[in-house]
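In case you want the letters, here they are:
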Amino acid sequence: MADMVQILVLGLALGGVYALMGSGLSLVFGVMRIVNLAHPSLVMVGAYIAYWAFRLGGVDPMITLPVALVILAATGVLLYKLVFEREARSAKYSEMTVLLTFALAMVVEGALGAAFTNTQRVTSPDYATDAFFIGSVFIPKGQLYSGIVSLTIISALALFLKYSAFGNAIRATTQNRDAAELLGVNVNLVGLVSFAIGIGLAGAAGALVSFVFSFFPAKHWEWIAILMSLVVLGGMGSILGTVLAAFILSVIAAYVGFFFGATWSTLTFFVALFVVLLVRPQGLFGEKPELA
Amino acid sequence: MSALLQVSNVVAGYGDGPAILNGASVKVEPGKVHCIIGPNGAGKSTLLKAIVGMLRVREGDVTFKGESVKGLRPDQILRKGISFVPQERALFPKMTVRENLRMGGYSMRDKAELERRIDEIEERFPILKERRDQHAGTLSGGQQQTLSMARTMILKPEIVMLDEPSLGLAPKIVAEIFDIMRVMTDEGITILLVEQNALMGLKHADWGVVLDLGRTLFEGPGKEILNDPRIQELYLGGKKAA
Ligand SMILES: Nc1ncnc2c1ncn2[C@@H]1O[C@H](COP(=O)(O)OP(=O)(O)O)[C@@H](O)[C@H]1O
Ligand SMILES: [Mg+2]
């Protein structure tokens, strides 16, 4: 019984980081209809920033987090201006953006490999290897902190989207781009800001990931599959859905790992992706496609 | 009387595609209800999209209060005082009724004034007040159309263009939609309506315009057009086949 509780705790603790990675991806998909395959490779960039700040300057990844967020958000602005804004007018927009984001992921991976080699890295602030105990259940501090910070950032995003005028314009554009434009929303600016926020969140997630997982440049391929499963299960573009999916699947994966071994744990996400696409393509929380 | 909005011999199409409009003209007089009728595919929706700047006007001109508005973006047209409710109603299904109304005033700087106007709209359309916190996607078809139309009133526009507001609604609900149009004209709003159902549209219109194959065929007072033998011909397909 204690084991079962322990696994639940570990699953939930991991869910937060996945939720943060997934919400950036989901925001970008919702507004721009881009499945950004490069998203996790940009998470990786955030992780390297946090790693080197810690290794060279002893800077806590929590301190680096806002810096990584800003650097990646600025990168997002550049990418949008240089690449995606132009593609928005293309008739083959969807196909083009899949190829472009795939190419971008390869370029980022290659650059990180060239600069930092393929060695496994992990940032190791004190709390990363420490834990709280509640009875016999232990809660790794690193995962707990990363989960709390992730949820804080996601809540801030949710409040912004729900209550600010620009946040409402972002949601409106997600739900009905033409209508938003007719009402005077500058949808190109909405695209730019959402893309910057989404990529910024990837950077923030990277700082957290840097002490939760060990990583190397090619690891992002594993994450893209995991993130796709979250976004699809969450209902393509619904941030709340993505967050819930992250917690549900992380907990399931933790149990699968316990009963069948670690290899099978990752497979949970892929099986979920496959099953959801077959059985309920609109996701757990998405509405029927024709209403979207 | 000088026209409020004048569309003259407009040629327009989608992207680089063929011209869908081939010399469409409409003259909109202040304070009146105008109805564009014509068979399916005549280019009625395309004409409204060209007026609001969703499509480029390739030839001809669109003037509002004597000034050309050709080439302006939809948001600029909106700020001039021309609101548009497209055929697909243009709501945000997962935003609440109140949030949808608020989006109607997105271009307003004075947000306190915006809230006041939303309150006014809610007083006038009690169903919207009742459903204010409900997602727009959960409303019935008639309620959604009410919301779309009420939302245009937030900006106190001079012209409201409605593309087939009665589409897919039961006759009793359609009557309510025409009542809302009456509310709008009482406010001094000029209406440019597109209807596929010619009989119903013309019955409520001061002025009728008949469009086919992207061209204005003829126009006149609503009741006269209704009894024009050419209408019979058009809808029975005589003219189309020619
Ligand atoms: N988005 C579009 N892209 C290309 N052609 C279109 C588009 N929408 C409509 N059309 C074409 O324009 C013509 C007129 O359509 P429309 O203006 O919708 O007619 P109506 O509203 O009078 O029924 C049709 O032949 C239609 O196929
Ligand atoms: Mg139409």
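Worth saying up front: this structure is predicted, and the values here are computed from it rather than measured.

What to know about the overall build of chain A
Within chain A one finds 11 helices and two strands. The globule rule puts the C-alpha radius of gyration for 292 residues at 19 Å, and the 19 Å found for chain A is close to it. Counting only C-alpha atoms and orienting by the principal axes, one finds that chain A spans roughly 60 × 45 × 35 Å. Of all 292 residues assigned to chain A, the portion counted as buried reaches 53%. Sequence separation of 24 or more characterises 77% of the internal contacts of chain A that already satisfy a separation of 6 or more. If the 14 positive side-chain charges of chain A are averaged to one point and the 13 negative ones to another, these points end up 4 Å apart.

Observations concerning the confidence of the model for chain A
Averaged over chain A, the pLDDT score is 92; the fraction of residues at 70 or greater is 97%. Within chain A, helix 2 (residues 39–57) of chain A carries the highest mean pLDDT (97), whereas helix 11 (residues 262–279) of chain A carries the lowest (89).

Examining the environment of Ala165 of chain A
Residue placement: Ala165 of chain A occurs in helix 6 (residues 165–175). Placed 138 residues apart in sequence, Ala165 of chain A and Leu27 of chain A show a C-alpha to C-alpha distance of 17 Å.

Re the site of ligand 1
Residues and elements named next belong to chain B. Every residue lining ligand 1 is accounted for by Tyr14, Ile20, Pro39, Asn40, Gly41, Ala42, Gly43, Lys44, Ser45 and Thr46. A distance of 3.2 Å is found between an oxygen atom of ligand 1 and a side-chain nitrogen or oxygen belonging to Asn40. At a separation of 2.8 Å, an oxygen atom of ligand 1 approaches a polar side-chain atom of Ser45. Protein chains shield 58% of the accessible area of ligand 1, which is 560 Å² for the free molecule. The greatest single-element share of the shell around ligand 1, amounting to three residues, is contributed by helix 1 (residues 44–51). Of the residues belonging to the shell around ligand 1, the class tally is four nonpolar, five polar and one charged.

Remarks on the packing of helix 10 (residues 239–260) of chain A against helix 11 of chain A
Residues and elements named next belong to chain A. One can describe the packing of helix 10 onto helix 11 by two numbers: an axis separation of 7 Å at closest approach and a directional angle of 140°. Taken as axis vectors, helix 10 and helix 11 run oblique relative to one another. Crossing hand, helix 10 versus helix 11: right-handed. Across the interface between the two elements, Leu249, Ser250, Ile252, Ala253, Val256, Gly257 and Phe260 from helix 10 touch Ala262, Trp264, Ser265, Thr268, Phe269 and Ala272 from helix 11. When grouped by side-chain class, the residues that make up the contact of helix 10 with helix 11 number nine nonpolar, four polar and no charged.

What counts, and at which threshold
- Residues numbered from 1 in each chain as written.
- Chains lettered and ligands numbered in written order.
- Predicted model: local features only at pLDDT ≥ 70, side-chain atom pairs only at ≥ 80, totals over all residues.
- Heavy atoms only, no water.
- Helix = DSSP H or I, 4+ residues; strand = E, 2+ residues; numbered from the N terminus.
- Rg over C-alpha atoms; globule rule 2.2 N^0.38 Å.
- Buried < 20%, exposed > 50% of the residue type's maximum accessible area, 1.4 Å probe, protein only.
- Contact = heavy atoms within 4.5 Å.
- Lys, Arg positive; Asp, Glu negative; His and termini not counted.
- Charge placed at Lys NZ, Arg CZ, Asp CG, Glu CD.
- pLDDT = per-residue confidence, 0-100.
- Near = heavy atom within 4 Å.
- Polar contact = N/O pair within 3.5 Å; in protein donor to acceptor, adjacent residues only side chain to side chain.
- Areas by Shrake-Rupley, 256 points an atom, 1.4 Å probe, with all protein chains shown as cover.
- Nonpolar A, V, L, I, M, F, W, Y, C, P; charged D, E, K, R; others polar.
- Axes fitted to C-alpha atoms, helices over the stretch in contact; angles between N-to-C directions.
- Parallel < 35°, antiparallel > 145°, perpendicular 65-115°, else oblique.
- Left-handed = near helix turned anticlockwise from the far one by under 90°.

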